[in-house]
Amino acid sequence: VSKTYDGLTPTHPFEYMTSRTYPGLGDHVTQKSFERLRMEAYAATLHCAALTLIDAINPVGTLNPNVYKLLGKLNEERAPYEPFLGGELQADVAIYFDHQSMYDPTKNGVPVGDFVGWEGAGEKGNCPHRDSILGWAKVLREAHIPYGVVTNVNLEQLKNYRAVIVPYVLEMTPEQAAQFTPFVKNGGVLIASGPSSLDRFDRNGPRFLLEDVLGVRYLGTMGTKVTYLTPKDEEILKVVWPQDHLIHSGPMIKAEAATGAEVLATVTLPWVAPELGHSIGSHFASIHSNPPALTPGTTPGLVINVYGKGKSVWLAAPIETGQAEINPVLLVHLIKHVLQGPYKFQLEAHPSVEMTLFHQQDKKRLLVGLLSMQEKLPAIPVGAVVRVQPPSRRTVKGIYQLPERKAVKFESAGAYQQFKLEPFDMFTMLLVEYE
């Protein structure tokens, strides 16, 4: 199952595509460093996927032959892992990717001839669904929570997961909503942010298609440039301490909580609306910032709802897109609060390390992959403690580091088989064989 990373474009479930130039196709000559290409290429290996490296052809039809000498070294390095790849991804959480929601809603009304697109003009542009997907992927990856991706064309794969994240989905259909509802009713967990599942065309007015599941009724939006999420639950207050609010750069959804739904945080507006300005004589509260109002708001901003055998978590804003360090802390807390372990695997390692786990049932083995995606390269070697859940009623008979099949010592740790890895250079893979 493909995932989305900065610099990597998922094209189909078993392929990764990236440019050999930096920062992308707009640059014809600037070569990415070998270490960066290694990291991006191993991301494909990590997910048992094919790799497509894009190179530009000169206007006269020629190529730079030195590039292919470099790429040849990269392929030689990855080749020993190829015979071991494949299997079914093992994950607890799915991120929902909706192709129809990949647009900028603020462009509504712009003539088609003037529309550039959210990736146009060399700028990143505004695409809240994409930004929320990337935000959640980063949160889950760095917290080492096993996750995968489902899309609007393969929602039947929800059955392979225990939880699904619906991140700022703008174009959910009633047919798609009808697949999420029984997922939660039968014991699954659904986490949604912002306007996810909003039906704007209902004749009775905009409403959440998943209103009963989320436990909130849509009323509109509130705020403009700055809003705040204010915890009212004692446990949430401890998680964000010493802060008493979380800031969001934009408006939030205004909603009403259903009877029985638990409101853990509310929406608070700034002391003074930012658009009023800060000039002398205006009603400003601070010369250089927008502090929260003295009295916290009462509109629900974070709601947990029980639906059937499952639960939902609803956030009035996509705080997964924020850059503050406290945001992922709160999100991970919420996930672990509504989704109890044991997970498919546990990992103790630096946040830069992503882990995947594939089940190769026909060969009676699990494939473990670890990739250190550090920002500054070359990567500093890092170690890890890995815990893997073997299939039910199966006994692990050996764990081997690839490609040499070097035996690794392991031991039982509750529901897991645990082993320790000495610091490795960017990438490593292991086989967990069972009987």
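As a starting point, this report considers the structure included with it. These numbers were taken from a predicted model, which means no experiment stands behind them. Each chain carries its own residue numbering, running from 1 in the direction its sequence is written. This being a predicted model, a pLDDT of at least 70 is required before a residue's local features are given, and a value of 80 or more before pairs of side-chain atoms are given or counted; all residues contribute to the totals for chains, interfaces and linings. Note that the side-chain values use all heavy atoms of the structure and ignore hydrogens as well as water.

### Things to note about unusual backbone geometry
What counts here: To qualify as a helix, a DSSP run of H or I must reach at least 4 residues; to qualify as a strand, a run of E must reach at least 2; elements of each kind are numbered from the N terminus. Think of it in three bands: residues with accessible area under 20% of the maximum for their type are buried, residues over 50% are exposed, and the middle band is partly exposed, with areas taken using a 1.4 Å probe on protein chains only.
The omega torsion of the bond from W241 to P242 falls at 10°, within 30 degrees of zero and hence cis. Within the secondary structure, P242 sits in the loop between α6 (234-240) and β13 (246-248). Across the junction of G341 and P342, the peptide omega takes the value 5°, indicating a cis bond. Relative to the elements of secondary structure, P342 occurs in the loop between α7 (326-338) and β18 (345-348). The backbone phi angle of C48 is positive, close to 55°, even though this residue is not glycine. The topology assignment puts C48 in the loop between α1 (34-46) and β3 (50-54). The phi dihedral of K364 is positive, around 55°, even though this residue is not glycine. In this structure K364 comes out as partly exposed when scored by relative accessible area, which is 43%.

### Quick look at the nonpolar core
Convention followed: Nonpolar cores are built from buried Ala, Val, Leu, Ile, Met, Phe, Trp, Tyr and Cys residues. Side-chain atoms within 4.5 Å join them into one set. Two residues qualify as a contact provided that any one of their heavy atoms is within 4.5 Å of a heavy atom in the partner residue.
Counting residues in each nonpolar core, the largest one holds 90 residues, and the members touching the most others are Y96, M172, F180, L190, W314 and L367. Looking at this core element by element, the count peaks at seven residues for α7. Other than its neighbours up to four places away in sequence, M172 contacts Y96, V166, A177, F180, S197, L209 and L210. Residues V382, V386, F419 and F424 belong to the second largest nonpolar core, which totals 20 residues.

### Some words on the sheet that holds strand β25 (residues 416-424)
Here is the rule: Note on pairing: DSSP must find at least two bridges between two strands before they are called paired. For every element, the axis is a line fit to its C-alpha atoms; helices are fit only across the contacting stretch, and the angle between N-to-C directions ranges from 0 to 180 degrees.
Reading across the sheet, the four strands line up as β18-β21-β25-β24 and stay open at both edges, with antiparallel pairing between neighbours. Single-partner strands in this sheet number two, and they are β18 and β24 (411-413). The mean angle between the axes of side-by-side strands here comes to 35°, regardless of whether they run parallel or antiparallel. As defined by bridge partners, strand β21 (residues 382-388) adjoins β25 across six bridges and the pair is classed as antiparallel. Within β25, the position partnered with V386 by the bridge is F419.

### Description of the packing of aromatic side chains
What counts, and what does not: The rule is short: rings of Phe, Tyr and Trp, with Trp giving its six-membered ring, pair when the centres are within 6.5 Å, and they are stacked under 30 degrees, edge-to-face over 60, tilted in between.
Inspection of every chain in the model, using the stated rule, returns six aromatic pairs. Between the aromatic rings of Y42 and F427, the centroid separation amounts to 4.3 Å while the plane-to-plane angle is 10°, which identifies the pairing as stacked. Separated by 385 residues along the polypeptide, Y42 in helix α1 and F427 in strand β26 (residues 427-434) bring together distant segments of the chain. Take Y42 and F427: they sit in the same class, and that class is buried. Plain terms: the ring middles of F208 and Y218 are 5.7 Å apart, the flat faces sit at 80° to each other, and that makes the pair edge-to-face.

### Focus: a positive patch on the surface
What counts is decided by this rule: What goes into a patch is any residue over 30% in relative accessible area without a salt bridge, connected to like charges within 9 Å or, for nonpolar side chains (Val, Leu, Ile, Met, Phe, Trp, Tyr), within 5 Å. Note on areas: Shrake-Rupley with a 1.4 Å probe; residue coverage comes only from the protein chains shown. The working definition used for a salt bridge is a side-chain nitrogen of Lys or Arg within 4 Å of a carboxyl oxygen of Asp or Glu. Under this rule, positive means Lys or Arg and negative means Asp or Glu; His and the chain ends count for nothing. Lysine's charge is taken at NZ, arginine's at CZ, aspartate's at CG and glutamate's at CD.
The grouping of K364, R393, R394 and K397 at the surface amounts to a positive patch. Relative to the helices and strands, K364 resides in the loop between β19 (353-360) and β20 (365-372).

### Points about the pairing of β18
Going residue by residue along β18, you find F345 and L347 tucked away on one face and Q346 and E348 left uncovered on the opposite face. Judged from the four bridges that link them, β18 and β21 form a sheet pairing that is antiparallel. Opposite E348, over in β21, you have V385 as the bridge partner.

### Observations concerning the pattern of salt bridges
Under the criterion given, the structure shown has 14 salt bridges. Residue D92 is joined to R162 by a salt bridge in which the shortest nitrogen-to-oxygen separation is 3.2 Å. Of this pair, D92 sits in the loop between β4 (88-89) and β5 (93-97) while R162 is found in the loop between β6 (147-151) and β7 (163-167), placing the two residues 70 residues apart along the sequence. Residue class for D92 comes out buried when judged on its relative accessible area of 2%. In this structure, the salt-bridge partner of R200 is E171, at a minimum N-O distance of 3.0 Å. Note that R200 is positioned in the loop between β9 (198-199) and β10 (207-208) and E171 in the loop between β7 and α4 (174-185), a separation of 29 residues in sequence. Residue classification places E171 among the partly exposed residues on the basis of a relative accessible area of 24%. Among the charged side chains, a salt-bridge network with shared partners connects E35, R38, E77 and D425.

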